Amino acid sequence: MRGHAEAILQALELPYRVVTLCTGDMGFGAAKTYDLEVWLPSQNTYREISSVSNCEDFQARRMQARYRHPDAKKPQLLHTLNGSGLAVGRCLLAVLENHQQADGSITVPAPLQPYLGGLERLAL
Amino acid sequence: MLDPKLLRGDLDATAQQLARRGFELDKAALQALESRRRELQTQTEQLQNERNTRSKSIGKAKANGEDIQPLLDEVSDLGDRLDAAKRELAEVQAEWDDAISGIPNLPHESVPEGKSEDDNVELHRWGTPREFDFEVLDHVDLGKKSGYLDFELAAKLTGARFAVMRGPIARLHRALAQFMLDTQTQQHGYEECYVPYMVNRDSLMGTGQLPKFGEDLFKLNDEREYHLIPTSEVPLTNFVRDEIVELAALPMKLTAHTPCFRSEAGSHGRDTRGMIRQHQFDKSRWCKLWSRRRATKRWKRCAATQKPFCRRLSCRIGW
């Protein structure tokens with residue numbers, strides 16, 4: 001799942017880094033979380049854009065979400081894995097800032113062009 | 001919610017694991033509740049047995065032509081005591097449930113120890129930040145110059161931490177959302193979903209936002225206690241709440257693009273400029289539900305040397 005988020009950032013040509021959250025920074029239900037942080041030139045730093053958490057059976061136990069396995073007598077708890085995908089607003093500002101040109105226009109990354117009627121450059 | 005077995009049997013080890021994430025487990029309170037629960041459980045069972053035995057003897061006494069009134073009174077008294085014990089047991093159970101619903105998940109053994117984001121550990125980087133030969137504008141200035149990204153207008157319409165997008169920026173925003181959804185559905189096998197943007201209390205309890213983090217949410221002011229979703233993880237994950245799914249249906253891979261609403265109660269003036277931290281923002285969310293056995297198998301592949309305690313915690317996996 002983390003690979004999927006990385007693939008999207010790579011397709012958008014946005015530099016990023018991956019961090020493992022430490023025990024004190026993780027969300028309530030997570031056993032382990034990876035954050036993807038995108039480069040923001042205006043802040044000269046990486047900022048969180050996506051978070052992928054493994055909650056194991058923690059959420060499933062609260063929800064009583066189970067599955068039937070032929071080898072098990074009782075239904076078993078499911079495991080949940082959550083990826084924020086990508087925050088679209090933060091992604092938008094990363095595209096605006098990273099792909100800006102001196103004339104104020106924005107170069108459109110190739111995979112987005114079909115969604116913008118083939119536009120290669122966005123005049124602002 | 002943690003496995004109650006870990007809180008009954010392995011209390012010290014569990015407390016130690018929780019301490020790694022800065023959570024202090026109130027062991028004494030849990031132990032007191034647990035011993036009270038056991039006591040009441042035994043008491044209930046004893047009263048139940050006693051009442052059954054006495055009830056049976058009524059029939060015999062009647063057949064022998066004895067006066068059954070004292071026996072009837074005794075059974076009725078036992079019944080009252082049983083009801084009282086059952087009620088108290090339910091109260092203690094509710095207190096226990098309440099206490100453990102506020103306990104966070106155990107960190108996986110591979111998670112680095114630390115207090116704040118400063119202690120997060122970088123795994124790798126991709127791409128090289130571009131060198132600009134002109135002065136870089138941030139998105140707020142870029143938007144202001146063109147008028148296509150307007151925070152002041154949003155502040156007039158609603159308040160702080162909202163944005164209005166127009167023209168090419170609104171279109172770029174939509175393009176990004178669609179690109180993400182298409183990539184997940186067409187290349188990675190996720191099912192596209194449209195979900196409610198308001199959820200009930202049970203759903204928020206299920207994914208863990210409630211009972212502890214209600215202040216981060218926007219709650220609707222009516223008796224139904226609906227909340228605006230802080231992420232579509234809440235509706236998506238709750239698809240399977242109180243369900244038993246067939247193995248063949250797993251893994252279940254769901255995706256939705258939705259707005260997310262957060263009160264940012266704890267942000268205290270952080271990131272007040274621009275789109276970084278907004279009350280309303282869009283996100284495409286991925287949610288994967290899978291079987292424990294498959295997860296375990298995968299975990300075994302990637303982690304050969306785990307300490308015995310972690311193994312007992314069932315399937316602690318990497319991915």
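This write-up is about the structure you can find in this document. Note that the structure is a prediction, hence the values are computed from the model and not measured. Each chain carries its own residue numbering, running from 1 in the direction its sequence is written. Written order determines the labels here, with chains lettered from A and ligands numbered from 1. Under the rules for a predicted model, residues below a pLDDT of 70 receive no local features and side-chain atom pairs below 80 are neither given nor counted, while totals for whole chains, interfaces and linings still include all residues. As a rule here, side-chain values come from all non-hydrogen atoms in the structure, and water together with hydrogens is ignored.

### Let's talk about the overall build of chain A
Okay, step 1: The helix and strand labels rest on DSSP assignments: H or I over at least four residues marks a helix, E over at least two residues marks a strand, and numbering proceeds from the N terminus. Check the secondary structure of chain A and you find 3 helices and 7 strands.
Okay, step 2: Along its sequence from the N terminus, chain A presents helices and strands in the succession α-β-β-β-α-β-β-α-β-β.
Okay, step 3: A radius of gyration in this sense is built from C-alpha atoms; the matching globule rule multiplies 2.2 Å by the number of residues raised to 0.38. By the compact-globule yardstick of 14 Å for 124 residues, chain A is too spread out, its C-alpha radius of gyration being 19 Å.
Okay, step 4: Considering only C-alpha atoms, chain A reaches an extent of 65 × 35 × 20 Å along its principal axes.

### Looking at helix H3 (residues 27-63) of chain B
All names here are of chain B.
Okay, step 1: An ideal rise of 1.5 Å per residue puts 54 Å on 37 residues; H3 measures up with 55 Å between its terminal C-alpha atoms.
Okay, step 2: Within H3, the full set of buried residues consists of Leu30, Leu33, Glu34, Arg37, Leu40, Thr44, Leu47, Ile58 and Ala61.
Okay, step 3: Residues of H3 that are buried sit in contact with helix H1 (4-8), helix H2 (11-20) and helix H4 (69-101). The length a helix should cover is 1.5 Å for every residue beyond the first. Here the term buried applies to any residue with accessible area under 20% of the maximum for its type, exposed to any over 50%, and partly exposed to those in between, with areas from a 1.4 Å probe on protein chains only. A contact between two residues is defined here by any heavy atoms of the two lying within 4.5 Å.

### Some points on the nonpolar core
Okay, step 1: Of all hydrophobic cores here, the largest spans 44 residues; its most connected members are Leu9, Leu12, Leu14 and Leu112 of chain A together with Leu172 and Leu176 of chain B.
Okay, step 2: Leu172 of chain B has contacts with Leu92, Val95, Leu96, Leu112, Leu116 and Leu122 of chain A, leaving out every residue within four places of it along the chain.
Okay, step 3: Definition used in this section: a nonpolar core is a set of buried Ala, Val, Leu, Ile, Met, Phe, Trp, Tyr and Cys residues joined via side-chain atoms within 4.5 Å. Core analysis: the next-biggest nonpolar cluster, separate from the first, contains 20 residues, Leu2, Leu6, Phe23 and Leu33 of chain B among them.

### Here we look at the environment of Tyr115 of chain A
Okay, step 1: Inspection of the secondary structure puts Tyr115 of chain A in the loop between strand E6 (106-107) and strand E7 (121-122).
Okay, step 2: Setting aside residues no more than four positions away along its own chain, Tyr115 of chain A makes contact with Arg171, Ala175, Gln178, Phe179 and Asp182 of chain B.
Okay, step 3: What qualifies as a polar contact is a pair of N or O atoms within 3.5 Å, subject to a donor-acceptor requirement within protein and to the restriction that residues adjacent in sequence count only when both atoms come from side chains. Side-chain polar atoms of Tyr115 of chain A contact the side chain of Asp182 of chain B, separated by 2.6 Å.

### Thoughts on the interface of chain B and chain A
Often, the extent of an interface is quoted as the loss of accessible area upon association of its parts.
Okay, step 1: With 104 residues of chain B at the interface, the matching set in chain A holds 96 residues.
Okay, step 2: By convention, the term buried area covers the 1.4 Å-probe accessible surface removed from two parts as they join, with the contributions of both added. Roughly 9000 Å² of surface becomes buried between chain B and chain A when both sides are summed, with 62% attributable to carbon and sulfur atoms.
Okay, step 3: What makes a salt bridge here is a side-chain nitrogen of Lys or Arg within 4 Å of a carboxyl oxygen of Asp or Glu, nothing more. Counting the contacts that link chain B with chain A gives 3 salt bridges.
Okay, step 4: In this structure, the salt-bridge partner of Glu246 of chain B is Arg68 of chain A, at a minimum N-O distance of 3.3 Å.
Okay, step 5: Our count for the contact surface shared by chain B and chain A stands at 46 residue pairs in polar contact (both at pLDDT 80 or more).
Okay, step 6: Broken down by secondary-structure element, the contributors of at least two residues to the side of chain B that touches chain A are strand E1 (121-126), helix H5 (139-146), helix H7 (167-187), helix H8 (201-207), helix H9 (233-237), strand E7 (244-246), strand E9 (280-291) and helix H10 (292-302) of chain B.
Okay, step 7: In terms of residues, the side of chain B that touches chain A owes the most to one element, H7 of chain B, which gives 14 residues.
Okay, step 8: Amino acid classes used here: Ala, Val, Leu, Ile, Met, Phe, Trp, Tyr, Cys and Pro are nonpolar; Asp, Glu, Lys and Arg are charged; the rest, including Gly, are polar. In terms of residue class, the side of chain B that touches chain A is made up of 48 nonpolar, 27 polar and 29 charged.
Okay, step 9: Paired strands are those between which DSSP finds at least two bridges. Two elements, strand E4 (residues 66-68) of chain A and E7 of chain B, share 3 bridges in a ladder whose sense is parallel. For Arg66 of chain A, the partnering residue across the bridge sits in E7 of chain B and is Ile244 of chain B.

### Points about the side chain of Arg20 of chain B
Okay, step 1: The residue Arg20 of chain B is located in helix H2 in this model.
Okay, step 2: Assessed through its relative accessible area of 16%, Arg20 of chain B is described here as buried.
Okay, step 3: A polar contact of 3.2 Å, which involves the side chain of Arg20 of chain B, links it to the side chain of Glu113 of chain B.
Okay, step 4: Contact partners of Arg20 of chain B, with chain neighbours within four places excluded, come to Thr23 of chain A together with Pro107, His108, Glu109, Val111, Glu113 and Gly114 of chain B.

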